[in-house]
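Close look at the chain arrangement
This is what each chain is made of:
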Amino acid sequence: MQVVILGSGSPIPAPDRAGPSTLVRTSVGDLLFDAGRGVLLRATGVQSGALAFRAVFLTHLHSDHTTDLNDLITTRWAMSFVPNPLVVFGPVGTGGLVAATEAMLELDIGYRLAHHGDLDWRPGTLITEVTEGTVFEEGDVRVLAAPTDHAPVQPTVGYRIEDGARSVVIAGDTVPCEGLDRLAAGADVLVHTVVRRDQIEALGLPRLIDVLDYHSAVTDAAATAERAGVGTLVLTHMVPPVQPGCEQEWIDQAASAFSGEIVLAEDLTPIGPIPIGK
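The text that follows walks through the structure, step by step, so that each part is easy to find.

What counts and what doesn't
- Residues numbered from 1 in each chain as written.
- Predicted model: local features only at pLDDT ≥ 70, side-chain atom pairs only at ≥ 80, totals over all residues.
- Heavy atoms only, no water.
- Helix = DSSP H or I, 4+ residues; strand = E, 2+ residues; numbered from the N terminus.
- Rg over C-alpha atoms; globule rule 2.2 N^0.38 Å.
- Contact = heavy atoms within 4.5 Å.
- Areas by Shrake-Rupley, 256 points an atom, 1.4 Å probe, with all protein chains shown as cover.
- Lys, Arg positive; Asp, Glu negative; His and termini not counted.
- Charge placed at Lys NZ, Arg CZ, Asp CG, Glu CD.
- Buried < 20%, exposed > 50% of the residue type's maximum accessible area, 1.4 Å probe, protein only.
- Core = buried A, V, L, I, M, F, W, Y, C linked by side-chain atoms within 4.5 Å.

**Regarding the overall build of the protein**
- The helix and strand inventory of the protein stands at 10 helices and 14 strands.
- Its C-alpha atoms give the protein a radius of gyration of 18 Å, near enough to 19 Å, the size a compact globule of 278 residues would have.
- With respect to the three principal axes, the spread of C-alpha positions in the protein is 60 × 45 × 30 Å.
- Contacts in the protein between residues far apart in sequence, at least 24 positions, make up 65% of those at least 6 positions apart.
- If you sum the accessible surface of the protein, you get close to 11,500 Å²; carbon and sulfur atoms cover 56% of it.
- In the protein, 17 positive and 35 negative side-chain charges are present, and the distance between their average locations comes to 2 Å.

**Observations regarding the environment of Val130**
- Along the polypeptide, Val130 turns up in strand β6 (residues 125-130).
- By relative accessible area, which is 3% here, Val130 ends up buried.
- Measuring from C-alpha to C-alpha, the distance between Val130 and Val92 comes to 6.5 Å, with 38 residues separating the pair along the chain.
- Residues within four places of Val130 in sequence aside, it is in contact with Phe89, Gly90, Pro91, Val92, Val135, Ala145, Val157 and Tyr159.

**Some words on the nonpolar core**
- Grouped together as the largest cluster of nonpolar side chains are 28 residues, with contacts concentrated most on Phe57, Tyr159 and Ile161.
- Grouped together as the second largest cluster of nonpolar side chains are 26 residues, Leu144, Val218, Leu235 and Ala254 included.

**Remarks on the side chain of Ser21**
- Tracing the chain through its elements places Ser21 in strand β2 (residues 21-26).
- Assessed through its relative accessible area of 3%, Ser21 is described here as buried.
- Contact partners of Ser21, with chain neighbours within four places excluded, come to Ile5, Leu6, Gly7, Leu32, Phe33, Asp34, Gly36 and Val39.

Have a look at this one:
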């Protein structure tokens, strides 16, 4: 089992950080969590891609986490030689998002159907809207969901991926909450989006100040990880963007509330393979 941070960025574009997306490599295949801008470009960097994803899991329907869902749908369809539906899990509303995305792609779908004689089926998606409990189970792999708190964005979910004795949790965007605490309990790895409260308050921009009430500060994420007994905390989706030479500041803030290993993500950061019994 291995975690790869495909995109460590946020809604603020950065040349070196793709949009939020995390790949979890399991014994039954690659599972993708969120589909931010550039996800397939980064996936090719670790020999994965639209045809390799066993399933896609969305934590919530904010645009920065779903921007390239259209690319996943189109690329899987256009590169397959038999019908090969994209399996998508997400919170209530995911079905509507996929339907709207496919409607947006209608012109392109028509062009490709008209041009390629051996492509005589439309894009396919198998959608499961989730709230809580086991949502995916295959072989030794189980994925559980629980509600998180990113209000007024509702509903939102986090995920716990178990592969035998190993476990990874994807928090998504959330403040500390009971649902995330349950998912994270005893996990080997917690991947958590974070913001720097001190920097945002110093900037004083109202639209940035707004993000503080529905994201976890670095110390919030660290406290969640410590409370849950997590082995490794991965900080990602950093707002504001990490300035060169200031990486240690983020790690030091987390270390003030968390005693385990801390990773400040960059694109294509690998965590693992995670040993059994870590």
